[in-house]
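Residue strings, one per chain:
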Number of protein chains: 2
Amino acid sequence: MADPARRPDNRYGSRPTMKDVATRAGVGLKTVSRVVNGEPGVTPDTERRVQAAIDALGFRRNDSARVLRKGRTASIGLVLEDLADPFYGPLSRAVEEVARAHGALLINGSSAEDPDREQELALALCARRVDGLVIIPAGDDHRYLEPEIKAGVATVFVDRPAGKIDADAVVSDSFGGARDGVAHLIAHGHRRIGFIGDRPNIHTAAERLRGYRAAMADAGIPVQDAWMSLGATDPERVRRAAAEMLSGPEPVTAFFAGNNRVTVTVVRVLSERPRPVALVGFDDFELADLLQPGVTVVAQDAAQLGRTAAQRLFQQLDGVLAAPERTVLPTRLITRGSGELPPAD
Amino acid sequence: MADPARRPDNRYGSRPTMKDVATRAGVGLKTVSRVVNGEPGVTPDTERRVQAAIDALGFRRNDSARVLRKGRTASIGLVLEDLADPFYGPLSRAVEEVARAHGALLINGSSAEDPDREQELALALCARRVDGLVIIPAGDDHRYLEPEIKAGVATVFVDRPAGKIDADAVVSDSFGGARDGVAHLIAHGHRRIGFIGDRPNIHTAAERLRGYRAAMADAGIPVQDAWMSLGATDPERVRRAAAEMLSGPEPVTAFFAGNNRVTVTVVRVLSERPRPVALVGFDDFELADLLQPGVTVVAQDAAQLGRTAAQRLFQQLDGVLAAPERTVLPTRLITRGSGELPPAD
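Residues numbered from 1 in each chain as written. Chains lettered and ligands numbered in written order. Predicted model: local features only at pLDDT ≥ 70, side-chain atom pairs only at ≥ 80, totals over all residues. Heavy atoms only, no water.

## Considerations on the overall build of chain A
Here is step 1 of the chain: Across its full length, chain A holds twelve helices and 13 strands.
Here is step 2 of the chain: Burial analysis of chain A (345 residues in total) assigns 56% to the buried set. (Helix = DSSP H or I, 4+ residues; strand = E, 2+ residues; numbered from the N terminus. Buried < 20%, exposed > 50% of the residue type's maximum accessible area, 1.4 Å probe, protein only.)

Right, here's the structure in full:
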């Protein structure tokens, strides 16, 4: 599925040149060259004026000729969100394989879920002259990238869309996948279903909660606030949320877990309890089929997300794309036992 | 444990300067500057002469002053071996945390287990002016890094030592860990124990095989060739190796798996068989404790490996280290059931 965005103008406009900078700053070309190359012989005042023109125009020294002459390899950057989440392993690897097929190096970095770090890293990769960026965003405002995009850096967001700019994005159908997973639990007799997800400002978390609400509404089940918990995915927080939903006179009889980090903790919580509780998790994970019971999941194709994003990046670089699009990949329900357990009461 | 290497000379020598290049090439400083900065006004012949001097001296433009002035961040590179192996998740994250504590950005890349790719990536990161490199090596000849190290790039190898150069390395005690794990199986009555490991040219695989042989020799058990299989860790190869060792008149009664990629496939093979077979795996992995039976492992501290390597890197950059060392971190046997099963016959 592709949902072409509306912005009509071509984002891959011509780069500003050193001459443009010179004109704007009211100085000679040689002066701009000195500032850009960090050479002496420029007064601080002139340097400031040139730098202001560089910033205003989004000028970046075009090194491609030099890169070729010195035998450097083309490269693309991948900004990850969390190095320790196994979901990103196959995604990264797929991006790498596409990069390699195009003769380009892949350089990664991780935002460690920090929007400031994401910005710092993305701009640092641009300063190191990557040809394009694949970004799993931590933040929700990507206007900081506009000068880079204008200057010709190809950009594709993956797993989550960009915020406040119009950019290519490749995402899974979080809404539809969660709706299907929750409907599956309802079909097996559950009505009190708990949803534990990632922080609500994360696009995928919000979409999956929306899918949960839609499935419950479709079945005419009023949702109680106590059944929904969004927040950090560290084991302590998830453990506490699950314990609360399992206590009281009307405990939940099933869980929908918003991602693989949540699912593995819920599996752990349920393994310590005598009465079976049903579980469907978003994201597949290694060994899910060998647990007792096997864990029913809504699987995303992480490798396909990475592959599609990287392919779009190279299409941008080849100049064959006209306008940003959002590509939505389908999810797949895999039944293994935990999602087919009936309500315990 | 630290095993100081023998090379007496300080590897963090002074960097060659632009003046050294000018002297060697027999040209003026301005000409060198033009070549280095890719500016016009140099004849092809002169450029070749300057480039030859740059290559001979291992000159790299020292950008630190410029970096500070332009607000760029210090950065270190991490060359991974396999993006999809979960063992490297916590290792990478620990390197990143140390880098961040030093105000530096971490840039990753993966060799995808290809020595040529490792070299290309490491040199590309140097060309993009990282201050240092942490390398999980895929290859066994790192002489290509010597000019970079001479030019002042800090270098630490992790998980596996460098080949053919003397460099800092931080590794786990693969030999001791495997010996302990196999001795544990022998203590539970096993004599026919299969070893399935990674390719024999990989340092950790060879060391773990050596630990297996040592434990068997200590117990006076002659090892049969059919009990040892080293090769790629893809599921098909591991599955075939395990099936062969489990067939015939004298099947193995226990496995020692050489790393987590091997272990998860052996777990899968054993889950399909009626008779219990014991298993100890090198590397801990997520959910190992929730399988039936829980998987006994020789655990490495992946985060500690990454942390120690990154700390040594910054110590090199601070100039407080005199000579390369190999740091060996201990492993830990975690018993969970699979390694305590008695022989089935």
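## Quick word on the environment of B:Pro147
Here is step 1 of the chain: One can find B:Pro147 in helix H7 (residues 146–150).
Here is step 2 of the chain: Separated by 26 residues in sequence, B:Pro147 and B:Asp173 have C-alpha atoms that sit 30 Å apart.

## With respect to the packing of aromatic side chains
For any pair of aromatic rings, geometry is given as the distance between the ring centres together with the angle between the planes.
Residues and elements named next belong to chain A.
Here is step 1 of the chain: Per the counting criterion, the structure on display carries six aromatic pairs over all chains.
Here is step 2 of the chain: When the centroid spacing of 5.4 Å and the interplanar angle of 50° are considered together, the rings of Phe195 and Tyr212 count as tilted. Note that Phe195 is positioned in strand E7 (residues 193–197) and Tyr212 in helix H9 (residues 203–218), a separation of 17 residues in sequence.
Here is step 3 of the chain: Take Phe195: its relative accessible area is 0%, and that puts it in the buried class.
Here is step 4 of the chain: An aromatic cluster of at least three residues, connected via ring pairs, comprises Phe195, Tyr212 and Phe256.
Here is step 5 of the chain: The cationic tip of Arg210 hangs over the ring face of Phe175; the distance from NZ or CZ to the ring centre is 4.1 Å. (Phe/Tyr/Trp six-rings, centres within 6.5 Å; stacked < 30°, edge-to-face > 60°. Lys NZ or Arg CZ within 6 Å of the ring centre and 35° of its normal.)

## Focus: the pattern of salt bridges
Here is step 1 of the chain: Going through the model one piece at a time under the given rule, you end up with 38 salt bridges over all chains.
Here is step 2 of the chain: Within the structure, one salt-bridge network assembled from shared partners comprises A:Asp45, A:Arg48 and A:Arg49. (Salt bridge = Lys/Arg side-chain N within 4 Å of Asp/Glu carboxyl O.)

## Quick notes on the packing of helix H10 (residues 235–246) of chain A against helix H11 (residues 260–271) of chain A
Residue and element names in this part refer to chain A.
Here is step 1 of the chain: Direction vectors running N to C along H10 and H11 enclose 50°, while the axes themselves pass 9 Å from each other. Taken together, H10 and H11 sit at an angle that is classed as oblique. Considering only the axes of H10 and H11, their crossing is right-handed. In contact with Pro235, Val238, Arg239, Ala242 and Leu246 of H10, H11 contributes Val262, Thr265, Val266, Arg268, Val269 and Leu270.
Here is step 2 of the chain: Of the residues belonging to the contact of H10 with H11, the class tally is eight nonpolar, one polar and two charged. (Axes fitted to C-alpha atoms, helices over the stretch in contact; angles between N-to-C directions. Parallel < 35°, antiparallel > 145°, perpendicular 65-115°, else oblique. Left-handed = near helix turned anticlockwise from the far one by under 90°. Contact = heavy atoms within 4.5 Å. Nonpolar A, V, L, I, M, F, W, Y, C, P; charged D, E, K, R; others polar.)

## Description of unusual backbone geometry
Here is step 1 of the chain: Cis geometry marks the peptide bond from A:Gln292 to A:Pro293, where omega comes out at -5°.
Here is step 2 of the chain: Among the secondary structure elements, A:Pro293 is positioned in the loop between strand E10 (278–282) and strand E11 (296–299).
Here is step 3 of the chain: One non-glycine residue, B:Glu113, lies in the positive phi region at around 65°.
Here is step 4 of the chain: Considering the arrangement of structural elements, one finds B:Glu113 in the loop between strand E3 (105–110) and helix H6 (115–127).

## Here we look at the sheet that holds strand E9 (residues 254–257) of chain A
Residue and element names in this part refer to chain A.
Here is step 1 of the chain: Spatially, the six strands line up as an open sheet ordered E8-E7-E9-E10-E11-E13, and their pairing is mixed. Two strands lie at the open edges of the sheet, namely strand E8 (228–230) and strand E13 (332–334), each paired on one side alone. Direction aside, neighbouring strands of the sheet carry axes that sit 15° apart on average.
Here is step 2 of the chain: For E7 and E9, the ladder comprises four bridges, and the chain directions are parallel. From the neighbouring strand, Phe195 faces E9, where its bridge partner is Phe256.
Here is step 3 of the chain: Of the strands in this sheet, E7, E8 and E10 are in contact with H9, which crosses E7 at around 170°.
Here is step 4 of the chain: Against the sheet, H11 makes contact with E7, E9 and E10, and its axis sits at roughly 160° relative to E10, the strand it touches most. (Pairing = 2+ DSSP bridges.)

## Concerning the domain arrangement of chain A
Here is step 1 of the chain: You can read the domains of chain A as domain 1 (18–61), domain 2 (73–172 + 302–329) and domain 3 (174–301).
Here is step 2 of the chain: Look at where the C-alpha atoms of domain 1 of chain A and domain 3 of chain A centre, and you get two points 56 Å apart. (Domains from an automatic or database assignment.)

## Examining the relation of the copies chain A and chain B
What connects the two chain copies is a rotation about an axis and a shift along it.
Here is step 1 of the chain: Of the transformation placing chain A onto chain B, the axial shift is 0.1 Å and the rotation is 180°, giving an RMSD of 0.4 Å. Overall, the copies show the geometry of a two-fold rotation axis. Scanning chain A for the C-alpha nearest the rotation axis identifies A:Asn108, at a separation of 2.3 Å.
Here is step 2 of the chain: Residue by residue, 100% of the interface of chain A is reproduced at the interface of chain B, so both copies engage with the same surface. (Least-squares fit on C-alpha atoms with pLDDT ≥ 70 in both.)

## Details of the nonpolar core
Here is step 1 of the chain: Core analysis: the largest hydrophobic core is formed by 90 residues, its most contacted members being A:Ile196, A:Tyr212, A:Phe255, B:Ile196, B:Tyr212, B:Phe255 and B:Phe256.
Here is step 2 of the chain: If you look at the next biggest cluster of nonpolar residues, it comprises 40 residues, including A:Leu121, A:Phe157, B:Leu145 and B:Ile149. (Core = buried A, V, L, I, M, F, W, Y, C linked by side-chain atoms within 4.5 Å.)

## Let's talk about the sheet that holds strand E13 (residues 332–334) of chain B
Residue and element names in this part refer to chain B.
Here is step 1 of the chain: Taken in spatial order, the six strands of this open sheet run E8-E7-E9-E10-E11-E13, and their pairing is mixed. The outermost strands of the open sheet, each flanked by one partner alone, are strand E8 (228–230) and E13. Geometrically, the sheet is characterised by an average inter-axis angle of 15° between neighbouring strands, direction not taken into account.
Here is step 2 of the chain: Against the sheet, helix H8 (residues 174–187) touches strand E7 (193–197), strand E9 (254–257), strand E10 (278–282), strand E11 (296–299) and E13, its axis set at about 170° to E10.
Here is step 3 of the chain: Strands E7, E8 and E10 of the sheet are contacted by helix H9 (residues 203–218), whose axis makes an angle of about 170° with E7.

## Points about the interface of chain A and chain B
Here is step 1 of the chain: At the interface, 54 residues of chain A touch 55 residues of chain B.
Here is step 2 of the chain: Across the chain A to chain B interface the summed buried area is about 4800 Å²; carbon plus sulfur atoms make up 47%.
Here is step 3 of the chain: On the chain A side of the contact with chain B, A:Leu83, A:Arg117 and A:Arg128 bury the most area, a combined 15% of that side's loss.
Here is step 4 of the chain: Summed over the shared surface of chain A and chain B, the result is eight salt bridges. (Buried area = accessible area lost by both parts, 1.4 Å probe.)

## Thoughts on helix H11 (residues 260–271) of chain B
Residue and element names in this part refer to chain B.
Here is step 1 of the chain: Compared with an ideal rise of 1.5 Å per residue, which puts twelve residues at 16 Å, H11 spans 16 Å between its outermost C-alpha atoms and is within 8% of the ideal.
Here is step 2 of the chain: All buried positions along H11 are accounted for by Asn260, Arg261, Val262, Thr263, Val264, Thr265, Val266, Val267, Val269 and Leu270.
Here is step 3 of the chain: In this structure, the buried side of H11 is in contact with E7, helix H10 (235–246), E9 and E10.
Here is step 4 of the chain: Where H11 begins, the capping side chain belongs to Asn259, and its oxygen is found 3.0 Å from the backbone nitrogen of Arg261. (Expected span 1.5 Å × (residues − 1). Polar contact = N/O pair within 3.5 Å; in protein donor to acceptor, adjacent residues only side chain to side chain.)

## Some points on the packing of helix H2 (residues 29–36) of chain A against helix H3 (residues 44–57) of chain A
Residues and elements named next belong to chain A.
Here is step 1 of the chain: The interhelical angle for the contact between H2 and H3, taken along N-to-C directions, is 85°, at an axis separation of 10 Å. Overall, the two elements H2 and H3 adopt an arrangement that is roughly perpendicular. Between H2, through Thr31, Val32, Val35 and Val36, and H3, the contact on the second element is made entirely by Thr46, Glu47, Val50, Gln51 and Ile54.
Here is step 2 of the chain: Split into classes, the residues belonging to the contact of H2 with H3 amount to five nonpolar, three polar and one charged.

## So, the side chain of B:Ser229
Residues and elements named next belong to chain B.
Here is step 1 of the chain: Here Ser229 shows up in strand E8.
Here is step 2 of the chain: Of the polar contacts made by the side chain of Ser229, one reaches the side chain of Arg237; its length is 2.6 Å.
Here is step 3 of the chain: Beyond its immediate sequence surroundings of up to four residues, Ser229 is in contact with Phe195, Ile196, Gly197, Arg237, Ala241 and Met245.

## Some words on H8(B)
Residues and elements named next belong to chain B.
Here is step 1 of the chain: Spanning 14 residues, H8 covers 20 Å between terminal C-alpha atoms, matching the ideal 20 Å at 1.5 Å per step.
Here is step 2 of the chain: Within H8, ten of the 14 residues are buried, leaving the element largely enclosed by the surrounding structure.
Here is step 3 of the chain: Burial in H8 covers these residues: Ser174, Phe175, Gly176, Gly177, Ala178, Gly181, Val182, His184, Leu185 and Ile186.
Here is step 4 of the chain: Looking one or two places after H8, you find Gly189, whose phi comes out positive at around 100°.

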